[in-house]
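Commentary on secondary and tertiary structure
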Amino acid sequence: MQDTMSLVNTPYNTALTPELRAVQQEIEGYAREFGLDFFEVIFELLDADDLNAIAAYGGFPTRYPHWSFGMAYEELKKTYDYGLAKIYELVINNDPCYAYLMRSNNLVDQKLVMAHVYGHCDFFKNNAFFAHTNRKMMDEMANHGMRIRRYAEKYGEDEVEAFLDKCKSIEDLIDIHSVAIRRREEQPRFDFETTREEEPIPVTRFKTKTYLDPYINPEQLLRAEEEQKRKEREARSKNFPEQPERDVLLFLMQYAPLKPWQRDILGMIREEAYYFAPQAQTKIMNEGWATYVHSTIMTRRALHPSEVIDYCDHHSGTVASHGPRLNPYKLGLELFRDIEFRWNTGRFGKEYEECDDLEKKRNWDLGLGLGRQKIFEVRRTHNDITFIDEFLTPEFCVEHKYFTYAWSEQAGTFVIESREFQKIKQRLLFNLTNFGKPIISVVDGNYRNRGELLLRHEYNGVDLRLDHAIATLANLQALWTRPVHLQTVVEGKPTLISHDGAEHSMKPLGDSDDPRRDAPAKNRK
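The structure presented is a predicted model; accordingly, all values stated were derived computationally and were not measured.

Some remarks on the overall build of the protein chain
Looking only at helices and strands, the protein chain features 21 helices and ten strands. For the protein chain, the spread of C-alpha atoms along the three principal axes comes to 85 × 70 × 60 Å. When the accessible area of the protein chain is evaluated, it comes to approximately 28900 Å², of which 51% is carbon and sulfur surface. Averaging the locations of the 70 positively and 84 negatively charged side chains of the protein chain gives two centres separated by 3 Å.

This is how it looks when you write it as structure tokens:
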């Protein structure tokens, strides 16, 4: 039941009309019949201006105030006013789920959008990458907003906003896989340093006969290996952190000289970053699943004959390609349909892959009927990278005419670079890895034994934008309060970029340079 207080302060009633309430109950029944499993969904009807405002806040109307949300609102408002874009719905990963609908949508659009929303809610609840997210994030966001407003009143709006600016500029420097992988060992309650030092060092001893042991496992060699491993252990223990730390925000929370209120705000930014990360990890799958659900429900159950034209117009706009940009709705939808078709007809497995008869493969149909079961399994266990890596096929790329493109200096325009399947797949996976953003790790929190911070960019063939890198280093330096350095590659050469709080410097690194020892020479710009 949708008897709840609205989260949005508006001069009009945001509850569904009786007609739309009946439509919601109808669509919800179809969704459960289809096999979807979701939290309770609370719908609210909003005008375009209010919907744009909530979208600017990331879907949370009670979020903390910041100028970037106002900038996002102005962009959304202008694109709507000029007819360039329109938000039909907004759905929030929460328990219960909140979904905001545009009041001006016609009835067919509201039907489609409700079916789409139930697809999203099912995905939020069941996909493994959302399992760690806070299901009461609406309340938590309100709590964050209250605390930040309180800090602004106590310490001044300008100081709190300036600190928020620095935190938000590095909010992507988290370890998105840390929720599923234990990166660091848990500290025992009584952790004595001598305990670790007394642990035996394992050495490589080959199993052999007793009389051959002195020859196969010579004592001198074993002692040398043990000494080498002891030195490596001691070197690691001297490193700070012992292993490269991808969660830069956590490292700053633990070791940066921050005031209590600053540490609290940085913790809020980090918590929100981890909440939003799965949505970026599953954009193609999430939108593809919701589009698959709404197209299935509408075409098989909910659509009336008089509504077909309006539905087709809306749906075709949703899955249409726009210029060079990849449409996640289209790719996700078609890949889910392809998976369903392949598992219905048995076009998978060793027998199918090893078949050399093209005509036989073209007409292959074992009548397994496993498609529906398979796509529900896929939506539960995969993210975009594993989804593309596992289920994208050469036949799919040919059917949908995928290709890679590149800029041609000679032609002065973009041209088709390749239609090879491996290159298409590689380009897709490359753009999806870490959301297409650079991977940065802390490698030394006491660089040059001066309390300076050294970070490393995991170079993958794409240079950092130097203006962005330098501005980010400046913000990191303000949080760390000591010089900050970044090891990266610029124009094919290993480079150390540094910022001391007043100016930046860049120093090329030779093959033998160790950035933990050498101080960067000033190169003033």
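Regarding helix H10 (residues 248-255)
Since there are 3.6 residues in each turn of an α-helix, residues three or four apart along the chain are aligned in direction. Of all the residues in H10, the buried ones are Val-248, Leu-249, Leu-250, Phe-251 and Leu-252. Looking at the packing, one finds that the buried side of H10 touches helix H11 (260-281), strand S6 (440-447), strand S7 (452-457) and helix H21 (466-480).

Brief notes about the sheet that holds strand S3 (residues 97-102)
Whether parallel or antiparallel, the strands of a sheet pair through hydrogen bonds between backbone atoms. An order of S1-S3-S2 is seen for the three strands of this open sheet, with the pairing classed as mixed. Of all strands in the sheet, those with a lone pairing partner are strand S1 (41-46) and strand S2 (89-92), marking the two edges. Strand after strand, the sheet turns through a mean of 15° between neighbouring axes, direction not considered. Sheet topology note: the S2/S3 ladder contains four bridges and is antiparallel. In the strand pairing of S3, Ile-92 is matched with Tyr-98.

A look at the packing of aromatic side chains
Under the counting rule described, the total for this entry stands at 30 aromatic pairs. An angle of 65° between the planes, with centres 5.6 Å apart, marks the rings of Phe-163 and Trp-261 as edge-to-face. Taken together, the positions of Phe-163 in helix H6 (residues 157-169) and Trp-261 in helix H11 put the pair 98 residues apart, joining distant regions of the chain. Residue classification places Trp-261 among the buried residues on the basis of a relative accessible area of 3%. Ring centres of Tyr-352 and Trp-364 lie 5.2 Å apart, and the angle between their planes is 80°; this geometry places the pair in the edge-to-face category. On the criterion of sequence distance, the pair formed by Tyr-352 in helix H15 (residues 350-353) and Trp-364 in the loop between helix H16 (358-362) and helix H17 (371-381) is long-range, its members being twelve residues apart. Here Tyr-352 falls in the buried class, since its relative accessible area comes to 10%.

Thoughts on the pairing of S1
The side chains of a regular strand alternate, first on one face of the sheet and then on the other. Summarising burial for S1: six of the six residues are buried, a large majority. Taking every second residue as pointing to the same face, both faces of S1 are buried, with Val-41, Phe-43 and Leu-45 on one and Ile-42, Glu-44 and Leu-46 on the other. Across six bridges, the pairing between S1 and S3 is parallel. Along S3, the bridge assignment pairs Leu-45 with Leu-101.

Details of a negative patch on the surface
A cluster of acidic residues, Glu-351, Glu-353, Glu-354, Asp-356, Asp-357 and Glu-395, forms a negative patch at the surface. Turning to its location among the elements, Asp-356 is positioned in the loop between H15 and H16.

A look at the sheet that holds strand S9 (residues 493-499)
Reading across the sheet, the five strands line up as S6-S7-S8-S9-S10 and stay open at both edges, with mixed pairing between neighbours. Sheet topology places S6 and strand S10 (504-508) at the edges, where each strand pairs with a single neighbour. Direction aside, the axes of adjacent strands within the sheet are offset by 25° on average. Here S7 pairs with strand S8 (residues 484-490) via four bridges, running parallel. Paired with Leu-454 across the bridge in S8 is His-485.

Section: the nonpolar core
Ile-27, Leu-36, Val-41, Phe-43 and Phe-387 are the most contacted members of the largest nonpolar core, which has 60 residues in total. Not counting the four nearest positions on each side in its chain, Leu-36 is found in contact with Ala-31, Tyr-118, Gly-119, Asp-122, Trp-289, Val-293 and Phe-376. By size, the runner-up hydrophobic cluster in this structure holds 43 residues, among which are Ala-152, Leu-173, Leu-258 and Ile-265.

Remarks on the packing of H10 against H21
To characterise two packed helices, one gives the angle between the axes of the helices and the distance between these axes. Following both chains from N to C, one finds H10 and H21 inclined at 25°, their axes separated by 10 Å at the closest point. With respect to H21, the axis of H10 lies roughly parallel. Contact residues: H10 offers Val-248, Phe-251, Leu-252 and Tyr-255, while H21 offers Leu-476, Leu-479 and Trp-480. Counted by class, the contact of H10 with H21 contains seven nonpolar, no polar and no charged residues.

Reading the values: rules and limits
- Here the residue numbering is sequential within each chain, running from 1 through the sequence in written order.
- For this predicted model, a pLDDT threshold of at least 70 governs which residues receive local features, and a threshold of 80 or more governs which side-chain atom pairs are given and counted, while totals over whole chains, interfaces and linings are taken from all residues.
- Side-chain metrics in this entry use all non-hydrogen atoms of the structure; hydrogen atoms and water are not considered.
- Each helix is a run of DSSP H or I of at least 4 residues and each strand a run of E of at least 2, with the numbering of both proceeding from the N terminus.
- Areas reported here follow the Shrake-Rupley algorithm with a probe of radius 1.4 Å; residue values treat only the protein chains shown as occluding.
- For this count, His and the chain ends are skipped, Lys and Arg are scored as positive, and Asp and Glu as negative.
- The atom standing in for a charge is NZ when the residue is Lys, CZ when it is Arg, CG when it is Asp and CD when it is Glu.
- Here's how the labels work: a residue is buried when its accessible area is under 20% of the maximum for its type, exposed when over 50%, partly exposed in between, all with a 1.4 Å probe on protein chains only.
- By the convention used here, residues are in contact when the closest approach between their heavy atoms is within 4.5 Å.
- By definition, two strands form a pair when at least two bridges between them are found by DSSP.
- Whenever a helix is involved, its axis is fitted only over the stretch in contact; in every case the axis is a line through C-alpha atoms, and angles between N-to-C directions fall within 0 to 180 degrees.
- In summary, the pairing rule links any two rings of Phe, Tyr or Trp, Trp by its six-membered ring, whose centres are within 6.5 Å, and it sorts them by plane angle into stacked for under 30 degrees, edge-to-face for over 60 and tilted for everything else.
- A patch consists of residues whose relative accessible area exceeds 30% and which take part in no salt bridge; residues with like charges are grouped when within 9 Å of each other, and nonpolar side chains (Val, Leu, Ile, Met, Phe, Trp, Tyr) when within 5 Å.
- Any carboxyl oxygen of Asp or Glu within 4 Å of a side-chain nitrogen of Lys or Arg constitutes a salt bridge here.
- We define the nonpolar core as a collection of buried residues of types Ala, Val, Leu, Ile, Met, Phe, Trp, Tyr and Cys that are connected through side-chain atoms lying within 4.5 Å of one another.
- Orientation labels follow simple angle bins: below 35 degrees gives roughly parallel, above 145 gives roughly antiparallel, 65 to 115 gives roughly perpendicular, and whatever is left gives oblique.
- Residue type decides the class: Asp, Glu, Lys and Arg count as charged, Ala, Val, Leu, Ile, Met, Phe, Trp, Tyr, Cys and Pro as nonpolar, and the leftover types, Gly among them, as polar.

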